[in-house]
Amino acid sequence: VQLQACGGGLVQAGGSLRVSCAASGRANVMGWFRQAPGKEREFVAAMSWSGSTAYADFVKGRFTINRDNAKNTMYLQMNSLKDEDTAVYYCAASTLYFGSSRTGYAYWGQGTQVTVSS
């Protein structure tokens, strides 16, 4: 499975942005991770083919993950953005694993930059 993320950009604090990830084929689980400069890549959210979701605590209530299975595309709607949300956002996919560990995801996209300015 090949993944292509897009939709990043520059947004003011408090604003909204939606990033998307297109997969070349079916991916049972798709997820988002992010990596800020000097920090490790961290889990943001994941969604299974059947619609189960998981979120990191720091995005609950602000970010929403969803997917269009017919298009093999996943989205991350980000609201109430904060400076600390600035990072490269990576999409990932797995065949069976559903969770927050990077090692569970075998497929990775190239990342899209999200910059939040105050």
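Here the residue index of a chain counts from 1 through its sequence in written order. Selection of residues for local features in this predicted model requires a pLDDT of at least 70, selection of side-chain atom pairs for listing and counting requires 80 or more, and totals for whole chains, interfaces and linings are taken over all residues. Values shown for side chains rest on all heavy atoms present in the structure; no hydrogens or waters enter the calculation.

1. Topic: the packing of aromatic side chains
Logical step 1: The pairing test for Phe, Tyr and Trp rings, Trp by its six-membered ring, is centres within 6.5 Å, and the orientation test on the planes gives stacked under 30 degrees, edge-to-face over 60, and tilted for anything in between. Summed over the entire model, instances satisfying the criterion amount to five aromatic pairs.
Logical step 2: Arranged with centres 5.3 Å apart and planes meeting at 75°, the rings of Phe-33 and Tyr-105 form a pair that is edge-to-face. Of the two residues, Phe-33 is situated in strand E4 (residues 29-35) and Tyr-105 in the loop between strand E9 (87-94) and strand E10 (107-108); the sequence distance between them amounts to 72 residues. Neither Phe-33 nor Tyr-105 differs from the other in exposure class; each is buried.
Logical step 3: When the ring of Tyr-97 is compared with that of Tyr-105, the centres are 5.6 Å apart and the planes differ by 90°; the resulting orientation is edge-to-face.
Logical step 4: Relative accessible area decides the class of each residue, using a 1.4 Å probe on protein chains only: under 20% of the type maximum gives buried, over 50% gives exposed, and in between gives partly exposed. Tyr-97 sits in the partly exposed class, given a relative accessible area of 31%.
Logical step 5: Here Tyr-105 falls in the buried class, since its relative accessible area comes to 4%.
Logical step 6: Clustering of aromatic rings is evident, with ring pairs tying together Phe-33, Phe-43, Tyr-97, Tyr-105 and Trp-108. A run of DSSP states H or I qualifies as a helix once it reaches four residues; a run of E qualifies as a strand once it reaches two. Both are numbered from the N-terminal end.

2. Some words on the environment of Gln-4
Logical step 1: Along the chain, Gln-4 falls in strand E1 (residues 3-6).
Logical step 2: When its relative accessible area of 47% is taken as the criterion, Gln-4 is described as partly exposed.
Logical step 3: Gln-4 sits 86 residues away from Tyr-90 along the chain, and the two C-alpha atoms are 9.1 Å apart.
Logical step 4: Here, residues are in contact when the closest pair of their heavy atoms is within 4.5 Å. Contacts of Gln-4, omitting those with residues within four sequence positions, involve Ser-20, Cys-21, Ala-22 and Gln-110.

3. Focus on the nonpolar core
Logical step 1: Within this scheme, the nonpolar core is defined by two criteria: the residues are buried Ala, Val, Leu, Ile, Met, Phe, Trp, Tyr or Cys, and they are joined through side-chain atoms within 4.5 Å. Counting residues in hydrophobic clusters, the biggest one holds 34 residues, and the most contacted among them are Met-30, Trp-32, Val-44, Phe-63, Leu-76, Met-78 and Tyr-89.
Logical step 2: Among the elements of the structure, E1, strand E3 (17-23), E4, strand E5 (42-48), strand E7 (63-68), strand E8 (73-78), E9 and strand E11 (112-117) are those that each provide at least two residues to this core.
Logical step 3: Not counting the four nearest positions on each side in its chain, Leu-76 is found in contact with Leu-17, Arg-18, Val-19, Trp-32, Val-44, Ala-45, Phe-63, Thr-64, Ile-65 and Tyr-89.

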